[in-house]
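Report on the structure
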Amino acid sequence: GARPRFMLQLEALGVDYVDVYMLHSPGRGPESCKAAWRDLEALHEEGFIRALGVSSFSIAQLEELFDFARVKPVYLQNKFSPYDPGSDHEARNQHSVMEWALAH
């Protein structure tokens, strides 16, 4: 699970808590994502993590997460390449992750 890895990272940093911790992938499927998120929620509730975030989640994966998450992510990080940035229209169309995040 996510807990043992997190605790090792916390020890390596020499701190008692972190301000933000990101789940950097939805995992191998909905069940692995849910298990990892539950671990992170418990760490959040115990005060080891102040805020949770996600990275590289599609809209469908975010919707799945929001269906079961007790603690919603407050950060969303997705990669945009300076070599292929797309357009403002692409980033802000009604089906983009950015527009979905603004609505939630």
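Structure: see above.
What this report covers is the structure whose coordinates are included nearby. (Residues numbered from 1 in each chain as written. Predicted model: local features only at pLDDT ≥ 70, side-chain atom pairs only at ≥ 80, totals over all residues. Heavy atoms only, no water.)

Residues L23, W37, L40 and I49 are the most contacted members of the largest nonpolar core, which totals 20 residues. At the level of secondary structure, the elements contributing two or more residues to this core comprise α1 (2-13), β1 (18-23), α2 (30-45), β2 (49-55) and α3 (59-68). The greatest single-element share of this core, amounting to five residues, is contributed by α2. With near-sequence residues (within four places) excluded, L23 lies in contact with C33, A36, W37, L40, G53, V54, S55 and F57. (Core = buried A, V, L, I, M, F, W, Y, C linked by side-chain atoms within 4.5 Å. Buried < 20%, exposed > 50% of the residue type's maximum accessible area, 1.4 Å probe, protein only. Helix = DSSP H or I, 4+ residues; strand = E, 2+ residues; numbered from the N terminus. Contact = heavy atoms within 4.5 Å.)

Take the side chain of S55 next. Within the secondary structure, S55 is located in strand β2. Of the residues examined, S55 reaches a relative accessible area of 4% and is grouped as buried. Setting aside residues no more than four positions away along its own chain, S55 makes contact with M22, L23, H24, S25, P26, Q77 and N78.

The next thing to look at is the sheet that holds β1. Taken in spatial order, the three strands of this open sheet run β1-β2-β3, and their pairing is parallel. In this open sheet, the two strands that pair with only one neighbour each are β1 and β3 (75-77). Neighbour to neighbour, the strand axes of the sheet diverge by 30° on average, direction disregarded. Across five bridges, β1 lies against β2 in parallel orientation. (Pairing = 2+ DSSP bridges. Axes fitted to C-alpha atoms, helices over the stretch in contact; angles between N-to-C directions.)

The subject of this paragraph is the packing of aromatic side chains. Summed over all chains, the structure comprises one aromatic pair. An angle of 90° between the planes, with centres 4.9 Å apart, marks the rings of F6 and Y21 as edge-to-face. Here F6, found in helix α1, pairs with Y21, found in strand β1; they are 15 residues apart in sequence, far enough to count as distant. Taken individually, F6 and Y21 each receive the classification buried, so the pair is uniform in this respect. Between R50 and the ring centre of Y17, over which it is positioned, the NZ or CZ distance is 3.8 Å. (Phe/Tyr/Trp six-rings, centres within 6.5 Å; stacked < 30°, edge-to-face > 60°. Lys NZ or Arg CZ within 6 Å of the ring centre and 35° of its normal.)

Our next topic: the packing of α2 against α3. Think of two packed helices as two axes; the pair is described by the angle between the axes and how far apart they sit. Close contact between α2 and α3 brings their axes to 11 Å; oriented N to C, the two are set at 50°. In terms of orientation, α2 and α3 fall into the oblique class. Taken as a pair, α2 and α3 cross one another with a handedness that is right-handed. Here α2 contributes P30, C33, K34, W37 and R38 to the contact with α3, which in turn contributes E64, L65 and F68. Considered class by class, the residues forming the contact of α2 with α3 number five nonpolar, no polar and three charged. (Parallel < 35°, antiparallel > 145°, perpendicular 65-115°, else oblique. Left-handed = near helix turned anticlockwise from the far one by under 90°. Nonpolar A, V, L, I, M, F, W, Y, C, P; charged D, E, K, R; others polar.)

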